[in-house]
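Structural overview
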Amino acid sequence: KQSAAMMSGKPIVSKRCVKKEDLAKMIPNASKQQSCKTTFVTSSRSKQEIKMDCDESGQKMTGTLVVEALNSDSTKFNMQMTGMQDGKPMGMTINGTSKWLSATCTDSK
C-alpha cells in the first residue's frame, strides 16, 4: 500500500515510537546493512549531508541524504539516489519531515 502511494507521489504519514536502542540503527554504518557505504560530507549541530554508495546483488546506487534540524522538535530530510536496476537507469527522491510527539511511547512495538 505504501509503495503504491509513493509511486503516485502521494504523501505517506506514519507514527512510530523510536526508542533509545532504535537510534543506533538510524546512524549510518551502525546498522547491519552492509550493502551501503556512507561518508559524512558535512556535519554540524543542525545539518548533516551523507554520501551513500550502495551495491546489493550487483545493483549499484549512489546518492546523498541531507537531514536538517528545523528546531528542537522537528527535522526535514531529502534523499536522492540514482543507479541501475535490471540494466535500466533508475532515480529516486524522498523528501520528508519528522516531529517530536512525546517522551512516552504509545504504540506496542
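Residues numbered from 1 in each chain as written. Predicted model: local features only at pLDDT ≥ 70, side-chain atom pairs only at ≥ 80, totals over all residues. Heavy atoms only, no water.

**Some details on the sheet that holds strand β1 (residues 36-43)**
Reading across from one edge, β1-β2-β3-β4-β5 is the order of the five strands in this open sheet, with antiparallel pairing throughout. Looking at which strands have only one partner, the edges of the open sheet turn out to be β1 and β5 (88-99). Going from strand to strand, the sheet's axes swing by 15 degrees on average, the running direction of each strand aside. (Pairing = 2+ DSSP bridges. Helix = DSSP H or I, 4+ residues; strand = E, 2+ residues; numbered from the N terminus. Axes fitted to C-alpha atoms, helices over the stretch in contact; angles between N-to-C directions.)

**A short note on the state of the cysteines**
Counted according to the given criterion, the structure contains one disulfide. Across a sulfur-sulfur distance of 2.1 Å, cysteine 36 and cysteine 54 are joined as a disulfide pair. Measuring the twist about the S-S bond at about 110 degrees, one finds the cysteine 36-cysteine 54 disulfide to be right-handed. Note that cysteine 36 is positioned in strand β1 and cysteine 54 in strand β2 (residues 47-56), a separation of 18 residues in sequence. Judged on exposure class, the residue cysteine 36 and its partner cysteine 54 are both buried. (Disulfide = S-S within 2.5 Å. Buried < 20%, exposed > 50% of the residue type's maximum accessible area, 1.4 Å probe, protein only.)

**Describing the side chain of serine 35**
Within the secondary structure, serine 35 is located in the loop between α2 (20-26) and β1. Setting aside residues up to four positions removed in sequence, serine 35 forms contacts with Asp53, Cys54, Asp55 and Glu56. (Contact = heavy atoms within 4.5 Å.)

**Structural notes on the nonpolar core**
Cys36, Ile50, Met52, Cys54, Met61, Leu65, Met79 and Met81 together form the largest nonpolar core, which totals eight residues. Those elements that provide at least two residues to this core are β2, β3 (59-71) and β4 (74-85). Considering every element that reaches this core, the biggest residue donor is β2, with three residues. With sequence-adjacent residues up to four places away left out, methionine 61 is seen in contact with Met52, Asp53, Cys54, Met81, Thr82, Gly83, Met90 and Met92. (Core = buried A, V, L, I, M, F, W, Y, C linked by side-chain atoms within 4.5 Å.)

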